[in-house]
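# Summary of the model geometry
If you want the building blocks of each chain, they are given just below.
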Amino acid sequence: MEIHAIQTGFVAVKSRQREGAGHGKARLARTFFDRNWSDRLPIYAYAIEHPEGVIVVDTGETARATEPGYFPRWHPYFRFGVREWVEPEEEIGPRLRQLGIEAGDVRKLVLTHLHTDHAGGLHHFQGIETLVTRTELELASGRRGRLRGYPNNRWPEWWNPTPVALSGPPVGPFEASLDLTETGDVTLIPLPGHTPGHIGVLIQEGDSAVLMAGDSSYSQDLMVRGAVDGVAPDERAARDTIDRIQAFCRETPTVYLVAHDPGTAARLERRETVDVGGRSQQSDA
Ligand SMILES: [Zn+2]
């Protein structure tokens, strides 16, 4: 099975967004008022060339995100909390074409969550079945969704996603699942935390696994250290998800991929599995 990491430009966030400090509301405030920016981080999406058809995971960001007025200026996060760089030829449509895949031939599109840098390329996928959790869709929709930082006025008019609930059996430490293929080798798993409806895509390759973990952490190293980001609305849920990811990686050799880790594409290429160590996780940051 060919799996591609597809970079759709760069994002920078506050350092405290990558790795949160403190707890509760103070944690969110420290992220917001942090004066330090991260490096330019990649924005990754993925394409899985499965025998049953191509599955795309996330859509990256659109070049329009760099136009003044694309994001609401009244929203403090877009005004003060994030910077993005995307060229038109870096959007997921052209990127897929370079790989010999027409966006219209994709069998399924999965969104780990609906933040703009994961849903910004939706306009390339008209007519393609798109799976997103019901929880994520509800939180991201309407005026309240826009207040929460989901610019849903930029979703294409025709967009009609399929809201899913993960109704399948547990997979290791993950409490539920949903098979995406007849062969059962590509599965959605719940990874709540960064957002409440956040999911990951787990691919079985023989005895090992590839885990597309969305924004469960901002790098592999941060996951190994058990660090929770500085924007997850529910810190406890985010920590619990990281504990489960670590537990899974102890049981199964796993290539761990997150959207904003500069090491993601190289690890996928080399099928480099993560060593989370045998030690117990930090219980506190
Ligand atoms: Zn996100």
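None of the values given here were measured: they were computed from a predicted structure.

By way of backbone hydrogen bonds, the strands of a sheet pair with one another, either parallel or antiparallel. Across the sheet, 7 strands lie side by side as E4-E1-E2-E3-E5-E6-E7; this open sheet has mixed pairing. Whereas interior strands pair on both sides, the edge strands pair on one side only; in this sheet they are strand E4 (82-85) and strand E7 (162-164). For this sheet the average axis-to-axis angle between neighbouring strands, irrespective of direction, equals 30°. By the bridge criterion, 4 bridges tie strand E1 (residues 2-13) to E4 in an arrangement that is antiparallel. For Ala12, the partnering residue across the bridge sits in E4 and is Arg83.

Along the chain, His4 falls in strand E1. A polar contact is formed between the side chain of His4 and the side chain of Glu49, at a distance of 2.7 Å. Look past the residues within four positions of His4 in its chain and what remains in contact with it is Ala45, Tyr46, Ala47, Glu49, Leu99 and Leu268.

Here the focus is the coordination of the zinc ion. Expected angles at a metal are 109.5 degrees for tetrahedral coordination by four donors and either 90 or 180 degrees for octahedral coordination by six donors. Ligation of the zinc ion by protein atoms is provided by His113 (NE2), His115 (ND1), His194 (NE2) and Asp215 (OD), these donors lying 2.2 to 2.3 Å from the ion. Counting gaps between the donor residues of the zinc ion yields the pattern H-x1-H-x78-H-x20-D. On the criterion of sequence distance, the pair formed by His115 in the loop between strand E5 (108-110) and helix H5 (116-119) and His194 in the loop between strand E9 (186-190) and strand E10 (199-205) is long-range, its members being 79 residues apart. Accessibility assignment for this pair places His115 and His194 in one class, buried.

Time to look at the sheet that holds strand E8 (residues 178-179). In space, the 5 strands of this open sheet follow the order E8-E9-E10-E11-E12, with mixed pairing throughout. For this open sheet the edge positions go to E8 and strand E12 (254-257), each flanked by a neighbour on one side alone. One ladder, built from 2 bridges, connects E8 with E9; its direction is antiparallel. In the strand pairing of E9, Leu178 is matched with Leu188. Along the sheet face, helix H9 (residues 235-251) touches E10, strand E11 (208-212) and E12 and points at about 150° away from the line of E12.

Time to look at a positive patch on the surface. Side chains of Arg143, Arg144, Arg146 and Arg148 sit close together on the surface and give a patch of like positive charge. Among the structural elements, Arg143 can be located in helix H7 (residues 142-147).

Quick look at the environment of Gly22 now. Along the chain, the position of Gly22 falls in the loop between helix H1 (15-18) and helix H2 (24-33). Residue Gly22 is classed as partly exposed on the basis of its relative accessible area of 31%. Ignoring sequence-local partners within four residues, the contact set of Gly22 consists of Arg27, Arg30 and Glu235.

Cut-off values and rules
Residues numbered from 1 in each chain as written. Predicted model: local features only at pLDDT ≥ 70, side-chain atom pairs only at ≥ 80, totals over all residues. Heavy atoms only, no water. Pairing = 2+ DSSP bridges. Helix = DSSP H or I, 4+ residues; strand = E, 2+ residues; numbered from the N terminus. Axes fitted to C-alpha atoms, helices over the stretch in contact; angles between N-to-C directions. Polar contact = N/O pair within 3.5 Å; in protein donor to acceptor, adjacent residues only side chain to side chain. Contact = heavy atoms within 4.5 Å. Donors = N, O, S within 2.8 Å, 3.2 Å for Na, K, Ca; no water. Buried < 20%, exposed > 50% of the residue type's maximum accessible area, 1.4 Å probe, protein only. Patch = residues over 30% accessible without salt bridge, like charges linked within 9 Å, V, L, I, M, F, W, Y side chains within 5 Å. Areas by Shrake-Rupley, 256 points an atom, 1.4 Å probe, with all protein chains shown as cover. Salt bridge = Lys/Arg side-chain N within 4 Å of Asp/Glu carboxyl O. Lys, Arg positive; Asp, Glu negative; His and termini not counted. Charge placed at Lys NZ, Arg CZ, Asp CG, Glu CD.

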